[in-house]
Amino acid sequence: MLVAAAVCPCPPLLVPDVAAGAASEMDAARAACSDALGVLAAARPDRLVVVGPAEQSGRGPHPEGTRGSFRGFGVNLDVRLGRDTAAVPEGALPPSLAVAAWLLERTGWSDAPIEGLGVGEPLAAERCIEVGRDIVAHAERVALLVMGDASACRTLKAPGYLDERAAPFDAEVARALGAADVAALKALDAELAYELKASGRAPWQVLAGAAEGADLGGALLYEDAPYGVGYVVAAWS
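In short, a report on the structure. (Residues numbered from 1 in each chain as written. Predicted model: local features only at pLDDT ≥ 70, side-chain atom pairs only at ≥ 80, totals over all residues. Heavy atoms only, no water.)

1. Digging into the overall build of the protein
A tally of helices and strands in the protein yields eight helices and eight strands. Expected size for 237 residues packed as a compact globule is a radius of gyration near 18 Å; at 16 Å, the protein falls within 12% of this value. The dimensions of the protein, computed from C-alpha atoms along their principal axes, are 50 × 45 × 30 Å. Taken across its 237 residues, the protein has 54% of its residues classed as buried. Element-wise, carbon and sulfur atoms account for 51% of the exposed surface of the protein, whose accessible area totals about 10,000 Å². Treating the 19 positive side-chain charges of the protein as one cloud and the 31 negative ones as another, the clouds have centres 3 Å apart. (Helix = DSSP H or I, 4+ residues; strand = E, 2+ residues; numbered from the N terminus. Rg over C-alpha atoms; globule rule 2.2 N^0.38 Å. Buried < 20%, exposed > 50% of the residue type's maximum accessible area, 1.4 Å probe, protein only. Areas by Shrake-Rupley, 256 points an atom, 1.4 Å probe, with all protein chains shown as cover. Lys, Arg positive; Asp, Glu negative; His and termini not counted. Charge placed at Lys NZ, Arg CZ, Asp CG, Glu CD.)

Pasting the structure below:
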């Protein structure tokens, strides 16, 4: 059963070394992420599954100890998903899970074993929901750390340029995540999310599948679009 979830954005800019001189612009988002991870720790899960968007090569699953890196962003910084293991798993974390690993290291996570799962943007809603159901079927007390961004079309300088549909889409996402509204997350329009470059759609629908019957309450901890990209932080418990 799902006992808690944290929803965080996944831009590499969340990592101060990557953001460099602009690091302070994400301070509020980092603080909210720390608060959300605190909710996970307080739930005392038996297992933590980290879910985030990934290209084909990074979908995993990624066992505990898998390493990630920000070298591709010009920073000499490596991370590891959870505790070190005797046999270092092959492969590398996709960027979204590397950001998650950095957040977990930053907060000193040691409360439960960790596994990472990358999900592809094209994954249909029904399949995402099935994946979520499967995640929680294998342990009594499961927590999720769900990584993903909302639209990338909130301003003229946004990666996807300005799209008038972006703000309403992001507002509904923030409302649904803040209210732990499973039905609304299941109903997110995958085609619209793709057009708005919202990388979080599939991970959020994995969360929706995992949360069926859990009767969790939600809290919206942060919502903003500092670079024209929607970033949302929420905690479910």
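2. Digging into the pattern of salt bridges
Enumeration over the complete set of coordinates arrives at 13 salt bridges. For Arg154, the salt bridge goes to Glu223, with nearest N and O atoms at 3.5 Å. Taken together, the residues Arg154 in the loop between β6 (142-147) and α5 (166-179) and Glu223 in strand β7 (residues 218-224) connect sequence positions 69 residues apart. When its relative accessible area of 24% is taken as the criterion, Arg154 is described as partly exposed. Between Arg165 and Glu195 there is a salt bridge; the shortest N-O distance is 2.8 Å. Here Arg165 is found in the loop between β6 and α5, whereas its partner Glu195 is found in helix α7 (residues 190-195), with 30 residues between them in sequence. Arg165 gets classed as partly exposed once you look at its relative accessible area, which sits at 38%. One network of salt bridges, in which partners are shared, links Arg133, Lys186 and Glu212. (Salt bridge = Lys/Arg side-chain N within 4 Å of Asp/Glu carboxyl O.)

3. Considering the sheet that holds strand β2 (residues 47-53)
Taken in spatial order, the six strands make up an open sheet running β5-β2-β6-β1-β8-β7, and their pairing is mixed. Only two strands of the sheet have a single neighbouring strand rather than two, namely β5 (114-119) and β7. Pairwise comparison of adjacent strand axes, ignoring direction, gives a mean angle of 15° for this sheet. One ladder, built from three bridges, connects strand β1 (residues 2-8) with strand β8 (residues 231-236); its direction is antiparallel. Residue Ala5 lies in a different strand from β8, and its bridge partner there is Trp236. In the packing of helix α2 (residues 27-42) onto the sheet, contacts are made with β1, β2, β6, β7 and β8, and the angle to β8 comes to roughly 20°. (Pairing = 2+ DSSP bridges. Axes fitted to C-alpha atoms, helices over the stretch in contact; angles between N-to-C directions. Contact = heavy atoms within 4.5 Å.)

4. Comments concerning α5
The end-to-end C-alpha distance of α5, which contains 14 residues, comes to 20 Å, matching closely the 20 Å that a straight helix rising 1.5 Å per residue would cover. Three or more residues of α5 are buried, namely Ala166, Phe169, Asp170, Val173, Ala174, Ala176, Leu177 and Gly178. Buried residues in α5 make contact with β1, α6 (182-186), α7, α8 (201-210), β7 and β8. After α5 finishes, the residue Ala180 shows a positive phi value of roughly 50°. (Expected span 1.5 Å × (residues − 1).)

5. Examining the nonpolar core
Generally speaking, nonpolar side chains in soluble globular proteins are found buried as a group. By size, the foremost hydrophobic cluster in this structure holds 44 residues, and its most contacted members are Leu40, Leu48, Val50, Phe70, Leu104, Leu145 and Met147. Counting only elements with at least two residues in this core, the list comes to β1, α2, β2, α3 (95-107), β6 and β8. Those residues in contact with Leu104 that lie beyond four places of it in its chain are Leu37, Leu48, Val50, Leu81, Trp109, Ile114 and Leu145. By size, the runner-up hydrophobic cluster in this structure holds 43 residues, among which are Ala166, Val173, Ala180 and Ala214. (Core = buried A, V, L, I, M, F, W, Y, C linked by side-chain atoms within 4.5 Å.)

6. Side note on the pairing of β8
Within β8, six of the six residues are buried, leaving the element largely enclosed by the surrounding structure. Alternating positions in β8 separate into two faces, Tyr231, Val233 and Ala235 on one and Val232, Ala234 and Trp236 on the other, with burial throughout. Looking at chain direction, β7 and β8 are connected through six bridges and run antiparallel. Looking across to β8, one finds that Ala219 is bridged to Ala235. Linking β7 to β8, which pair antiparallel, is a turn of six residues; within it Gly228 sits at a positive phi near 80°.

7. Describing the environment of Leu97
With respect to the helices and strands, Leu97 occurs in helix α3. Overall, the relative accessible area of 0% leaves Leu97 in the buried class. Leu97 has contacts with Val50, Val51, Gly52, His62, Gly116, Leu117 and Gly118, leaving out every residue within four places of it along the chain.

Function cannot be read off these values alone, since they describe shape.
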